[in-house]
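# Report on the structure
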Amino acid sequence: MPRKQECIAMLLAGGQGSRLGILTKNIAKPAVPYGGKYRIIDFPLSNCVNSGIYTVGVLTQYQPLELNNYIGNGQPWDLDRAEGGVHILPPYQQIKGSEWYKGTANAIYQNIHFIDRYSPDYVAILSGDHIYKMNYDKMLSYHKEKNADCTIACIEVPWEEASRFGLMFVDSEGRITDFEEKPKNPRSNKASMGVYIFTWSKLRQYLIDDEADPNSSNDFGKDVIPKMHRAGERMYAYEFDGYWKDVGTIDSLWEANLDLLNPQINIDLDDASWKIYSRNAAAPPHYISADSKVENSLVSAGCEIEGEIDYSVLFSNVTVEKGACVKYSIIMPGAVIKEGAVVQYSIVAENAVIESGAVVGEKPESMKDPSAWGVAVVGAGVTIGKGVTVPSKAMIDKDMKGGN
């Protein structure tokens, strides 16, 4: 049997990410590229090892192949360990038959035996679709100090965005007194970050009881946590004041990438004391020609730039030909922007080709109704033909033929 561990982490990475549309057509949301050389899942995995948590179960379900390949044996995150390490945990066939994960709580329930192998005192439940740097060990110390059964990380969000989140009411001692799940008229702006620490003996019984409840949707936010609260369990909020972004939508993914270029926002992915680890294939240095113009942008290894780049994030091996222009956009690995093409306020996915003279995306101020504006998206491997115009908010997942 493995050696007993004080705390292990369970990382929920099985979501389809339907709000990311064509970007998650063939990959799970946590495998979506971010920030020039990362994927979203790099953040919770790196947070774990930086926090001293070296046993991590990654619960996969939707389109897991690329995510599984990316994680591999966990070596880039120092999780290739004889004791603990990273474990991919897909739904598996049981004696009574095969069963998909029905909800976040059911996903953990199906892996009770995995958790029990390590006899942990505490279990951290993490989400695979947030960009943030957080010390889970400090949160665990707070949990123990409060003698809590459940501790939920929270962050203050702008009031105009509060209705998108599960919200908490907290007394002067930090104890959670009430919840609101995505209310139309919020009375609190303390949002749950989807980061939980539970005392395992307590959570284990709630998971068993929840699974036996035919009326439950088997979800932490909707079922398990409200049941714990109604039962009077000791539930506390752990306030977080760093950068945190839920990248569950096209607009938020676009914003989170461009936040890296904003000097007023402190993400600092170069912080040596809290490194974000990733698995990157070797690539040659990027090339920027003397005739090109590159301003306030992030350009990764292997890129060849001869055109104009402004306020954009370019992943590895992107080509921007002479006369092409990329502004306020995210260009993912291997994409090609050909001569005279314009890409603006857009996300161009891996290995897409924007042919000469094509225009992808629109400036908000150029639209008659700016409220109808949105980020344009070109899917992986898609070709936008010569002279084709892709409007604001469009999602293109098939080739578009252009003129000669």
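First things first, this report covers the structure right here in the doc. Treat the numbers as computed from the prediction; the structure is a model and nothing was measured.

## Some points on the overall build of the chain
Each helix and strand counted, the chain has eight helices and 33 strands in total. Its C-alpha radius of gyration of 22 Å places the chain within 12% of the 22 Å reference for a compact globule of 404 residues. Here the C-alpha coordinates of the chain stretch approximately 65 × 50 × 45 Å along the principal axes. Buried positions account for 54% of the 404 residues belonging to the chain. The contacts of the chain with a sequence gap of at least 6 include a subset with a gap of at least 24, amounting to 57%. Placing the 40 positive and 52 negative side-chain charges of the chain at their respective mean positions leaves the two points 3 Å apart.

## So, the sheet that holds strand β17 (residues 293-295)
Strand order across the open sheet formed by six strands is β17-β20-β23-β26-β29-β32, with parallel pairing between neighbours. The open sheet is flanked by β17 and β32 (389-390), the only strands paired with a single partner. As defined by bridge partners, strand β20 (residues 308-310) adjoins strand β23 (residues 325-327) across three bridges and the pair is classed as parallel. Bridge pairing links Glu 308 to Cys 325 in β23.

## Focus: the environment of Ile 225
Within the secondary structure layout, Ile 225 lies in helix α7 (residues 220-230). Residues Ile 225 and Asp 246 lie 21 residues apart in sequence; the distance between their C-alpha atoms is 20 Å. In contact with Ile 225, not counting residues within four places along its chain, are Ile 152, Phe 179, Tyr 196, Phe 198, Phe 220 and Met 235.

## Examining the environment of Phe 198
For Phe 198, the location among the structural elements is in strand β13 (residues 190-199). Setting aside anything within four residues of it in sequence, one finds Phe 198 in contact with Asp 121, Tyr 122, Val 123, Ile 125, His 143, Asp 149, Cys 150, Leu 203, Phe 220, Ile 225 and Met 228.

## A closer look at unusual backbone geometry
With phi around 60 degrees, Asp 78 is a residue other than glycine that occupies positive phi space. Here Asp 78 lies in the loop between α2 (65-71) and β5 (85-88). For Asp 78, a relative accessible area of 41% corresponds to the partly exposed category. You will see that Tyr 311, though not glycine, has its phi angle at about 50 degrees, which is positive. Following the sequence through the fold, Tyr 311 ends up in the loop between β20 and β21 (313-314).

## Some remarks on the sheet that holds strand β31 (residues 383-384)
Taken in spatial order, the six strands make up an open sheet running β16-β19-β22-β25-β28-β31, and their pairing is parallel. Bordering the open sheet on either side are β16 (287-288) and β31, each of which pairs with just one other strand. As paired elements, strand β28 (residues 353-354) and β31 share two bridges and run parallel to each other. When the bridges of β31 are listed, Val 353 appears paired with Thr 383.

## Some words on the packing of aromatic side chains
In the structure shown here, the tally under the stated rule is 15 aromatic pairs. Feature note: the residues Trp 254, Tyr 311, Tyr 328, Tyr 345 and Trp 373 constitute an aromatic cluster, connected by ring pairs. Positioned above the aromatic ring of Tyr 70 is the side chain of Arg 39, whose terminal nitrogen or guanidinium carbon lies 5.1 Å from the ring centre. One cation-aromatic arrangement involves Arg 81 over Tyr 54; the distance from NZ or CZ to the ring centre is 3.7 Å.

Criteria and thresholds
- Residues numbered from 1 in each chain as written.
- Predicted model: local features only at pLDDT ≥ 70, side-chain atom pairs only at ≥ 80, totals over all residues.
- Heavy atoms only, no water.
- Helix = DSSP H or I, 4+ residues; strand = E, 2+ residues; numbered from the N terminus.
- Rg over C-alpha atoms; globule rule 2.2 N^0.38 Å.
- Buried < 20%, exposed > 50% of the residue type's maximum accessible area, 1.4 Å probe, protein only.
- Contact = heavy atoms within 4.5 Å.
- Lys, Arg positive; Asp, Glu negative; His and termini not counted.
- Charge placed at Lys NZ, Arg CZ, Asp CG, Glu CD.
- Pairing = 2+ DSSP bridges.
- Phe/Tyr/Trp six-rings, centres within 6.5 Å; stacked < 30°, edge-to-face > 60°.
- Lys NZ or Arg CZ within 6 Å of the ring centre and 35° of its normal.

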